[in-house]
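As a plain string of letters, each chain reads:
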Amino acid sequence: MSEKKTWSDRFEGTLHPAIALFNASIGFDLELIEYDLTGSVAHAKMLAHTGIISASEGQTLVTGLEQIRQEYREGKFNPGIEDEDVHFAVEKRLTAIVGDVGKKLHTARSRNDQVGTDIRLYLRDKIEEIRKKLREFQAVLLSQAENNVETLIPGYTHLQRAQPVSLAHHLLAYFNMAQRDWERLGEIKGRVNISPLGSGALAGTTFPIDRHYSAKELKFTQVYGNSLDGVSDRDFAIEFLCAASLIMVHLSRLSEEIILWSSQEFSFITLKDSCATGSSIMPQKKNPDVPELVRGKTGRVFGHLQGLLTLMKGLPLAYNKDLQEDKEALFDGVKTVKACLEAMTILLREGLEFRNERLAEAVAEDFSNATDVADYLAARGVPFREAYNLVGKAVKEAMKKGKLLKDLTIEEWQQLHPSFAADIYEAIAPKQVVAARNSYGGTGFDQVRQALTRAKSEIEIIN
Ligand code: ARG
């Protein structure tokens, strides 16, 4: 500890060094420094605007704060444990630069409304950065989809072959999830963008401040209407971590598929060397580390969400030091989601190749056209349930003979039902099976092309 105490003269002693370390947040909240400086500049301007300090004092404070920003960017501002947190560190440095007027900065403010302001400014920025990454992720899904409208891939339910689909259709499902994530973050941003500044420690302030002025300086769209709520609300952080968790759910599901697809059992994709690693002992292996890590990191984002919910559930109004624990969860959540989006974008862009021949084989070598046989009969007047049972019988017979449906002779079909004609073979060919699902939102090629057009216009919207 420095000889100089942080606290008022009420305190005679200094903190036990271990407690100082325990109490300090400077080890992680320096991440907020740019936002802290921006918030303080707005506060200083407001103090001058309202005449609480003079215009020249306001100017001095702003200049000093900007100097700290410069020092920080040049790597010359390195506060330590003795500064406790970023807020004290900045105030101390400011006073060292501008002299006693620096001590006026904290007029009509508390670290409680200050830190609330900082994390909102931080999160507002990060949300935009993540939305940009989501757009890049969507763009690569879209371009892969555009190249693969007529590439077929087995579609599964219960992880059992169900019906073949267009690979583009499959990829666009993830595009749509990402679109919801992008929209959701936009909605949450509205609730992040509210100024708590001027709530004071908890009850407001005796000074004639102008909260709307500082809010406007910081481009907040609203101000908290209740000071107790203003300093202790962390709903917006929880909402963010919830949205972040959903992004991770989506990335993790895609990761799981990529991991399966890259296995020898599926062999639907080949991982390129730029995005795969080997084994230290088994020379034949190529491991899907990227999607595995994304799937693994999903857990920590869920953990941060749980952590923050639990942090808040028993907190009486208003500020409690527990709230210092919100930061690492938030920072790590932000970093993890950004890193995972980036890695998955690279993986999809250049780290994998679809094995088209293998995919074509896969959709031709199973019974996933059975529904189409039933539909064929139903379209010719056989009640669907009856058709369904007949086809069940056909599948059983074919299996017994070691055949697929396409291998049954026309006589065998007609034995099953007289409505079968030579066009049954075309009706159950994989391409036709997919093309025929032309209902809105289905995998039929026409539908997929329309979906691509919709997707293209969606990602043009960037705000
Ligand atoms: N470092 C603190 C935090 O992160 C700043 C606010 C401290 N306020 C207080 N009343 N002790 O929450």
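Basis of the calculations
- Residues numbered from 1 in each chain as written.
- Predicted model: local features only at pLDDT ≥ 70, side-chain atom pairs only at ≥ 80, totals over all residues.
- Heavy atoms only, no water.
- Axes fitted to C-alpha atoms, helices over the stretch in contact; angles between N-to-C directions.
- Helix = DSSP H or I, 4+ residues; strand = E, 2+ residues; numbered from the N terminus.
- Parallel < 35°, antiparallel > 145°, perpendicular 65-115°, else oblique.
- Left-handed = near helix turned anticlockwise from the far one by under 90°.
- Nonpolar A, V, L, I, M, F, W, Y, C, P; charged D, E, K, R; others polar.
- Expected span 1.5 Å × (residues − 1).
- Buried < 20%, exposed > 50% of the residue type's maximum accessible area, 1.4 Å probe, protein only.
- Contact = heavy atoms within 4.5 Å.
- UniProt positions renumbered as here; feature names shortened; annotations may be inferred.

**Details of the packing of helix H6 (residues 111–146) against helix H7 (residues 167–192)**
Link 1 in the chain: The interhelical angle for the contact between H6 and H7, taken along N-to-C directions, is 165°, at an axis separation of 9 Å. Looking at the two axes, H6 sits roughly antiparallel to H7. As H6 runs across H7, the sense of the crossing is left-handed.
Link 2 in the chain: Considering only residue class, the contact of H6 with H7 consists of 18 nonpolar, four polar and seven charged.

**Some remarks on helix H3 (residues 33–49)**
Residue pairs spaced three or four apart in an α-helix point in one direction, given the helix's 3.6 residues per turn.
Link 1 in the chain: Between its terminal C-alpha atoms H3 stretches 24 Å, which fits the 24 Å expected from 17 residues at 1.5 Å a residue.
Link 2 in the chain: A large share of H3 lies buried, amounting to twelve of its 17 residues.
Link 3 in the chain: Considered for burial, the residues of H3 that qualify are Ile33, Tyr35, Asp36, Leu37, Gly39, Ser40, Val41, Ala42, His43, Ala44, Met46 and Leu47.
Link 4 in the chain: Contact partners of the buried residues in H3: helix H2 (26–29), helix H4 (55–73), helix H5 (86–98), H6 and helix H8 (211–217).
Link 5 in the chain: Following H3 by one or two positions, Gly51 adopts a phi angle in the positive range, close to 80°.

**Focus on the UniProt feature "domain: Fumarate lyase N-terminal" (unreviewed entry) in the protein chain**
Link 1 in the chain: Per the UniProt record, "domain: Fumarate lyase N-terminal" (unreviewed entry) is found at residues 10–303.
Link 2 in the chain: Taken end to end, residues 10–303 has its terminal C-alpha atoms 40 Å apart, with 61% of it in helix and 7% in strand.

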